[in-house]
Amino acid sequence: MKILTANEIRLVESKCFEDYSSEAELMLKAGRACFKAMTEKYNMKNKSVLVFCGNGKNAGDGFVIARLLWAYGAYAKIVLCDKSPKIAEPLMYFNEAVSSGVEVLNYIDADTDCDFIVDCIFGIGFHGEARAPFDSVFEKVNSSAATVISVDTPSGSDATAGTVCKGCIKADFTIAISTLKYCHVLPPANAYCGETVTVSIGIPDDCYTESYAETIELSDVKACFTKRDKNANKGSFGRQLNICGSYKMFGAAVISTEAALKSGAGLVKLTIPESAYPLAASHLTQCIFNPVYSNDEGTFSANAKAGILSDVEWADSIVIGCGIGVNDDTGEIVEAVLKNAKSPIILDADGINCINRRISILKEVKVPIVLTPHPGEMSRLISEQVAEIQENRINTAKQFARENEVILVLKGANTVVTDGYSVFVNTAGNPGMAMGGSGDMLSGMAGAFIAQGVKPFEAAKAAVYLHSVCGDMAKNVCGEKGMLVSDMTEQLGALMSEIETD
């Protein structure tokens, strides 16, 4: 599903107006589609509904919705938040609603002790802060116990930046018109949307003329995997090398390796400091181990470089960084692997932290690299504040990936996956996944998919999506607060079988 900025959707609609439909026709279609979506979601017959409308074109959708709700059997009223409509198209639908018997109130007189509030105050044009009287309107809506339905975007959210103003309307249900907007997937605005659905208003495909951000879809993920050949052997499904773990963080290596095994890699080798080997071996039975020299900190020693590089020659994919720690020795190991690898690399966690002072090394690497930073690691990588990254997740990720010629997986709620040109956003998952070890699982999965022959960009997208599905499945069993990464990996094997296609 496409995700557009405010300017991008404006251009799409302008193209539609030029070639296919008048603005009034499209407004009517939008109102009808939103009415259908909200009445399918909620039983609104004989319920009190206030449709809050502003001064712009979003109000036109609201006037159509109010008239349709009234005819449907809801006690619908229009609430004008400022002035009466002046723009031709909204004014036409306002007059139709009034002629149909819909009552009109000023927001000051509106009693919000009602069942539903429909938010048609602002659309994609909102930015900055709410001026009077809209700040008071927002406060009135948010203080109501009514179920709030926002049309296109919650009023007070910036459709492009994903930011919100003070007092932004917090919706229970948001109906995105035509496509998702950035505010539906970027924090903090995505938390103000509630459940979000997208409705079509009949804009032809040829009006979408650019390359847009998209959501990761199950159909795209399924296309990466096929049923296994009856005569296959372990060599058919690739050799994955995990260079992970340390004495204090051996669990990261265990999680990444378990995830790789459950994701279908034929052979998985865990190269780990000898100080952590007994700990990891007590939890893993199916992988190959290569314990190598460790230093006094219990992390990889620089003296282990030769042994590690021989493993690099063996691998079809390499995961490096999970739990390895950050010091001169691990930095030397990471640089050596990056320079000598002949197979795609997943660079995660401390592997990323090890190159903070020398990002330029990424351009020296001769194989595809997938970086999987969380916002804190990204902050250290580019010397920007986490808040700035979170406010500009898509552009930050896209710019970094393009400049450094890598695939970037910027983790967090609605993870962004980009190669610097195409952008995909994951909308599955839940807050219960925000725990230590979750990223190690993701890296193991991505490495396993690459080892099996999936192209690195597609593997990254598939891993992000399926990782989140595992999180949602674990949530259903354990709840968000009680789930562990092991509960997620428990779901992985069966899930992989389900998504394989013939």
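Note that the structure is predicted; figures quoted are calculated from it, not measured. (Residues numbered from 1 in each chain as written. Predicted model: local features only at pLDDT ≥ 70, side-chain atom pairs only at ≥ 80, totals over all residues. Heavy atoms only, no water.)

J.: Give a description of the overall build of the chain that names residues and reports values.
T.: On a plain count of helices and strands, the chain comes out with 17 helices and 19 strands. Whereas a compact globule of 502 residues would reach a radius of gyration of roughly 23 Å, the chain reaches 26 Å, a difference of no more than 12%. In terms of principal-axis extent, the alpha carbons of the chain reach across some 85 × 50 × 45 Å. Long-range contacts, defined here as pairs at least 24 residues apart, represent 72% of the contacts in the chain between residues at least 6 apart. Within the structure as shown, the chain displays about 20800 Å² of accessible surface, and the carbon and sulfur contribution to it stands at 48%. For the chain, the centre of its 44 positive side-chain charges and the centre of its 61 negative side-chain charges are spaced 2 Å apart. (Helix = DSSP H or I, 4+ residues; strand = E, 2+ residues; numbered from the N terminus. Rg over C-alpha atoms; globule rule 2.2 N^0.38 Å. Contact = heavy atoms within 4.5 Å. Areas by Shrake-Rupley, 256 points an atom, 1.4 Å probe, with all protein chains shown as cover. Lys, Arg positive; Asp, Glu negative; His and termini not counted. Charge placed at Lys NZ, Arg CZ, Asp CG, Glu CD.)

J.: Explain the environment of Ile320 to me, using residue names and the numbers behind them.
T.: Within the element layout of this structure, Ile320 appears in strand E14 (residues 317-320). With 130 residues separating them along the chain, Ile320 and Ile450 place their C-alpha atoms 14 Å apart. The residues touching Ile320, leaving out its near neighbours within four places in the chain, are Ile243, Ile333, Val334, Val337, Ile345, Ile346, Leu347, Asp348 and Gly351.

J.: Which residues make up the packing of aromatic side chains, and what values do they have?
T.: In this structure the tally under the stated criterion is 12 aromatic pairs. Geometrically, the ring pair formed by Tyr42 and Phe116 is tilted, given 5.3 Å between the ring centres and 55° between the ring planes. Placement of the pair is Tyr42 in the loop between helix H2 (23-41) and strand E2 (48-53) and Phe116 in strand E5 (residues 116-120), with a sequence separation of 74 residues. Across the pair, exposure class does not vary: Tyr42 and Phe116 are buried alike. These aromatic residues form a ring-pair network of at least three members: Phe122, Phe126, Phe134 and Phe138. For Lys269, the ring lying beneath its charged end belongs to Trp314, and the centroid distance is 4.7 Å. (Phe/Tyr/Trp six-rings, centres within 6.5 Å; stacked < 30°, edge-to-face > 60°. Buried < 20%, exposed > 50% of the residue type's maximum accessible area, 1.4 Å probe, protein only. Lys NZ or Arg CZ within 6 Å of the ring centre and 35° of its normal.)

J.: Outline the packing of H2 against helix H4 (residues 88-99), supporting the account with residue identities and numerical values.
T.: Relative placement of two packed helices is described by the angle separating their axes and the distance separating the axes. Their axes nearest at 9 Å, the elements H2 and H4 cross at an angle of 50°. The pairing of H2 with H4 is recorded here as oblique in orientation. Relative to H4, H2 is oriented so that their crossing is right-handed. Facing Glu23, Ala24, Glu25, Met27 and Leu28 of H2, the residues of H4 in contact are Glu89, Pro90, Met92 and Tyr93. Across the contact of H2 with H4, the residue classes tally to six nonpolar, no polar and three charged. (Axes fitted to C-alpha atoms, helices over the stretch in contact; angles between N-to-C directions. Parallel < 35°, antiparallel > 145°, perpendicular 65-115°, else oblique. Left-handed = near helix turned anticlockwise from the far one by under 90°. Nonpolar A, V, L, I, M, F, W, Y, C, P; charged D, E, K, R; others polar.)

J.: Tell me about helix H5 (residues 134-142), and please be specific about residues and values.
T.: What H5 keeps buried is the set Phe134, Val137, Phe138, Lys140 and Val141. The arc that holds every buried residue of H5, seen down its axis, measures 160°, which confines them to one face. Close packing links the buried residues of H5 with E2, E5 and strand E6 (147-151). (Arc of directions from axis to C-beta.)

J.: Go over the pattern of salt bridges, please, and point to the residues and values.
T.: Evaluated as defined, the whole model comprises 16 salt bridges. One salt bridge connects Glu23 with Lys57, and the closest N-O pair in it is separated by 2.5 Å. On the criterion of sequence distance, the pair formed by Glu23 in helix H2 and Lys57 in the loop between E2 and helix H3 (58-72) is long-range, its members being 34 residues apart. Overall, the relative accessible area of 22% leaves Glu23 in the partly exposed class. For the salt bridge of Arg358 with Glu364, the shortest nitrogen-to-oxygen distance reads 2.6 Å. Because the salt bridges share partners, they merge into one network encompassing Glu335, Arg358 and Glu364. (Salt bridge = Lys/Arg side-chain N within 4 Å of Asp/Glu carboxyl O.)

J.: Help me get a handle on the sheet that holds strand E3 (residues 75-80), residues and values and all.
T.: In space, the seven strands of this open sheet follow the order E4-E3-E2-E5-E6-E7-E9, with parallel pairing throughout. Two strands lie at the open edges of the sheet, namely strand E4 (103-106) and strand E9 (195-199), each paired on one side alone. On average, each strand axis in the sheet is inclined to that of its neighbour by 25°, with strand direction left out of account. By the bridge criterion, three bridges tie E6 to strand E7 (residues 173-177) in an arrangement that is parallel. Bridge pairing in E7 places Ser150 opposite Thr174. The strands touched by H2 are E5, E6, E7 and E9; relative to E7, the strand with the most contacts, the crossing angle is about 150°. (Pairing = 2+ DSSP bridges.)

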